[in-house]
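What follows is the residue order along each chain.
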Amino acid sequence: MRNVTYSMGVSLDGYIVGPDGGFDWSPPDDEVFRFATDQIREVGVHLLGRRLYEAMLYWETADQDPSLDDSRLAWAALWKALPKVVFSTTLSAVQGSNTRLASGGLAEEIERLRAEPGEGNIAIGGATLAAEAAALGLIDEFRPKVYPVLVGGGVPFFPHRERRVDLELVESRVFSSGVVYLRHRVAR
């Protein structure tokens, strides 16, 4: 069965965006970017909330940007080819190759994707969507990339809920920039 993973950049105090809605503190350096590219190769389908979908639209046409280096072009090619499912109550259509609006609820969509033949993880991006998946007990692995910054508030990486979830550390890595990658599997 395919794993559902949640991976995003997060500040040391637990936020994916700061109080002003910005995440200018989290652009990956070349080492972290290469790691993120390797990770996206393990994904079979990516589930996105509306805000993350809109932020990632750049990568659908990034191959036309003459200023991009080879590693960014490789990421763009992988992202463009990756099947993506967008969850939104405000959008009636989506753009991008291999991108579609979710036709049902999150639990139903994940159940359907897990039942389909295919390889690669089911990745979830976006705090609101991840919070819903976590509340439903659908996330198998949490994979934060922790940036050495305190932003003081904003949108939290981890959903606030009132139940305990035990985790097992599967992998960790420290990058030269001070970013720390943690991969935790939900103990079931």
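Per chain, the residues get numbers from 1 upward, laid out in the order the sequence is written. Two thresholds apply to this predicted model, a pLDDT of at least 70 for residue-level local features and 80 or more for giving and counting side-chain atom pairs, whereas whole-chain, interface and lining totals are computed over all residues. The side-chain values count all of the structure's non-hydrogen atoms but skip hydrogen atoms and water molecules.

**Considerations on the overall build of the chain**
Strands here mean DSSP runs of E at least two residues long; helices mean DSSP runs of H or I at least four residues long; both are numbered from the N terminus. Along the chain, the regular secondary structure elements total 6 helices and 12 strands. Each radius of gyration is computed over the set of C-alpha atoms, and the globule rule expresses the reference value as 2.2 Å times the number of residues to the power 0.38. The C-alpha atoms of the chain give 16 Å as radius of gyration, which agrees with the globular expectation for 188 residues (16 Å, within 12%). Structurally, the chain occupies a C-alpha span of about 45 × 35 × 30 Å along its principal axes. Classification of the 188 residues of the chain by burial places 42% in the buried group. Note on exposure labels: buried denotes an accessible area under 20% of the residue type's maximum, exposed denotes more than 50%, and partly exposed covers the range between, all computed with a 1.4 Å probe on protein chains only.

**Focus: the packing of aromatic side chains**
We call Phe, Tyr and Trp rings a pair once their centres come within 6.5 Å, taking the six-membered ring for Trp, and we label the pair stacked below 30 degrees between planes, edge-to-face above 60, and tilted otherwise. Counted under the stated rule, the structure contains 12 aromatic pairs. Measuring from ring centre to ring centre gives 6.0 Å for Trp 25 and Tyr 147, while their planes differ by 75°; the resulting arrangement is edge-to-face. Placement of the pair is Trp 25 in the loop between strand E3 (15-17) and helix H1 (30-40) and Tyr 147 in strand E9 (residues 145-147), with a sequence separation of 122 residues. Taking the relative accessible area as the measure of exposure, Trp 25 reaches 17% and is therefore buried. Ring geometry for Trp 75 versus Trp 79: centroids 6.0 Å apart, planes at 15°, classification stacked. Here Trp 75 pairs with Trp 79, and both are found in helix H4 (residues 70-81), just 4 residues apart, close to one helical turn. There is no split in this pair, since Trp 75 and Trp 79 are both buried.

**A few points about the environment of Arg 143**
On the secondary structure map, Arg 143 appears in the loop between strand E8 (141-142) and E9. Placed 75 residues apart in sequence, Arg 143 and Leu 68 show a C-alpha to C-alpha distance of 27 Å. Contacts are residue-level and defined by heavy atoms, with any inter-residue pair within 4.5 Å sufficient. Each residue touching Arg 143, except ones within four places of it in the same chain, is listed here: Thr 5, Tyr 6, Ser 7, Met 8, Gln 39, Glu 42, Asn 121, Tyr 181, Leu 182 and Arg 183. Counted as a polar contact is a pair of N or O atoms within 3.5 Å, where, for protein atoms, one must be capable of donating a hydrogen and the other of accepting one, and residues adjacent in sequence contribute only when both atoms are in side chains. In terms of polar contacts, Arg 143 uses its side chain to reach the side chain of Glu 141, at 2.6 Å.

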